[in-house]
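Structural description and commentary
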Amino acid sequence: MFQYIIRRIAIAIPVLFGVTIFNFLIINLAPGNPVDMFINPNMSEADINARKEALGLNDPLWEQYASWMGNLLQGDFGYSFSTYEPVLNNIADRIGPTILLMGSALIIAYLIAIPIGILSATKQYSFTDYFATTFSFFGISIPNFFLGLGAIYIFAILLPIFPTGGMNTLGSSGGILDTLRHLILPAFVLGTAIAGSMVRYVRSSMLEVLGQDYLRTARAKGLHEFVVNNKHALRNALIPIITIIGLEIPLLIGGAVITEQIFQWPGLGQLTIQSIGSRDYPTLMALNFLAAITVLFSNLFTDIMYSVVDPRIKYN
Amino acid sequence: MSSPNLNLDKHNQVISSNLLIQADVLGQEESYMKVIVTRFLKHKLAVVGLVTFILIVLMALFAPIIAPHDPYEIGYEFEAKPSMEHPLGTDQIGRDVLSRLIYASRISLAVGIGAVTIYVIIGTILGAIAGYMGKWADMIIMRITDVFMSFPFLMVILVLVSVMGPNLFNIILVLGFLGWPPVARLVRGSVLSLKEMDYIKAGVALGYTAPRILVHHILPNALAPILVNATFGIAFAIITEASLSFLGMGVQPPTASWGNMLTEAQSLTVLAQQPWLWIPPGLFIILAVISINFMGDGLRDAVDPKSFK
């Protein structure tokens, strides 16, 4: 198993390298460049060139990649083309709200998906199961943005319980309760979207465990059905459920971009949309890189966790 | 990529292809098709999904006949409430919302079918090469697959589309060129398990070329899981196009797309006071996506050998 983990990490390194190249290429093959946005009629050709030279945009592509990679290894993501601040600072400002939103959404998703998934598996082919499966299909079929707009329309406009967006009430000093009030709607919107696909994992994982011999044994020795399901079965079913977090991360990142945009949540997702609008390549590259790293590591984590919790799995 | 992975049981697919082989060997190909159709028709939601999907396709095909007005004509009252003349009202510049809604189905179907066709072709070719050739070809293709799958799907698409220019054609291309990794893995798995079968070895012994063996003897038996994946893929492509267009990075006005018809609802005034502008397109996205997902679910159950009695 130890050998497997080492090998799995070794495989991740070239993938990581590929990710940086791919990332660099897509953004740098863009036809426009950020200097175009600042050009005004008073600037001469020389001025424009000087600006490009200063930003390193005139170097050959591989040199730009090498210098970007070199800086990256030292933790330097360069300067934002739009705010002229270090990209790392901009990201640092935004990462907290995003983690808060994603974390809450993930917890909400688990809280919705685990009970529904278990119920649906223990009562397979019943009305409850049918209902749960349909729910999960709606979960994955409703676009995040429509769910978000609907939530704002119902819970912020028709019934003004929650604010329509932002993270704190403007002009107020903020505070935990105020943030929490702003967090509930976006977290639920993002959480429900993920819960949809999660229900299916929980259900199939639980169904697999329910067919095992040791549960028949537990029933045969007269244990109550509730104990059998919730103690003996659930514990074993939870292992794969916990590890699917790795599969949900990409969905979570994509969902966060849209959810943050709708709820004006000041996180990385909103920064992504803003950077696309202002062609801020260094920020975009850093964001894309960060997201890819997160996905890569969560996949690595999932694979390693599988081999740790289930020693029967053999890898070659 | 971050498409909701609906193919939970990867083993099913291999088994199902094995089963297909059995049917093939026994000369029961036709009856196998019949069994699948019968089983699909038993799945009520799948049938409802299929009927809804056919209706949407008809709506797209006959849009000029069904639509009460020209979707581009500006000449009506601005932001008019629903009325007999305009059942869903008019938008900010006075276009008929219902007509735009009907025409927009063409965009969604074009994206769904176009993107999936591209990525099924790419994925099948790469997966077949990786599985059949093995060794370094397999190694390289699978590492590239890993790289593609390490990017959060929506982020890369957003960046790529904004770099290439947001329009219908580019969206189809981007979705098509990014969506292939799951298909490649699926096909590779099928090929790996099939190429050890005796009938394939017989083909090799007979001196058939690799492409002939792949195209005529292996791929037909891997068709069922690809078809299931493609069905879910269409739904996912439609929802992605809608999200991009909603963010302004997709199909650009004046062309109507269900996604860009919702863009205006980001303003609270529209959201609060003109619900007829944004609720109908949203419901249509859900209707299209869920009907395709139900179809996919029915198809998956129908080709799943575990439920054969």
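A brief look at the structure comes next. (Residues numbered from 1 in each chain as written. Chains lettered and ligands numbered in written order. Predicted model: local features only at pLDDT ≥ 70, side-chain atom pairs only at ≥ 80, totals over all residues. Heavy atoms only, no water.)

**Quick word on the overall build of chain B**
To be explicit about the condition: Secondary structure counts use DSSP, requiring at least four H or I residues in a row for a helix and at least two E residues in a row for a strand, with both numbered from the N terminus. Burial here depends on accessible area, computed with a 1.4 Å probe over protein chains only, as a share of the maximum for the residue type. Under 20% is buried, over 50% is exposed, and the range in between is partly exposed. Contacts were defined at the residue level, with two residues in contact if any of their heavy atoms lie within 4.5 Å.
Counting secondary structure elements, chain B contains 14 helices and zero strands. Secondary structure elements of chain B occur, N-terminal to C-terminal, as α-α-α-α-α-α-α-α-α-α-α-α-α-α. Burial status across chain B gives 58% buried among its 309 residues. Relative to all contacts within chain B whose residues are 6 or more apart in sequence, the contacts with residues 24 or more apart total 72%.

**Some remarks on unusual backbone geometry**
Put simply, B:P253 and B:P254 share a cis peptide bond, and its omega is 10°. By the secondary structure assignment, B:P254 is in the loop between α12 (223-246) and α13 (268-273). A positive phi angle, close to 45°, is found at A:Q264, a residue other than glycine. As for its position among the elements, A:Q264 is in the loop between α11 (245-263) and α12 (268-277). Positive phi, close to 50°, is recorded for B:K135, a residue that is not glycine. Structurally, the position occupied by B:K135 is in helix α6 (residues 135-150). Look at B:K135 and you get exposed, because its relative accessible area is 73%.

**Some thoughts on the interface of chain B and chain A**
Put simply, the test is: Buried area is calculated as the accessible area (1.4 Å probe) missing from two parts once they are joined, with the contributions of both summed. Definition used for salt bridges: Asp or Glu carboxyl oxygen within 4 Å of a side-chain nitrogen of Lys or Arg. Polar contact is the term for a pair of N or O atoms within 3.5 Å; when the atoms are in protein, one must be able to donate a hydrogen and the other to accept it, and sequence-neighboring residues count only if both atoms are side-chain atoms.
Opposite the 49 residues of chain B that make contact, chain A presents 49 residues. For the pairing of chain B and chain A, the buried interface totals around 4,500 Å² over both sides, and the portion due to carbon and sulfur atoms is 82%. Where chain B packs against chain A, one counts one salt bridge. A salt bridge links B:D297 to A:R200; its shortest N-O distance comes to 3.5 Å. In this structure, the connection of chain B to chain A is made through one residue pair in polar contact (both at pLDDT 80 or more).

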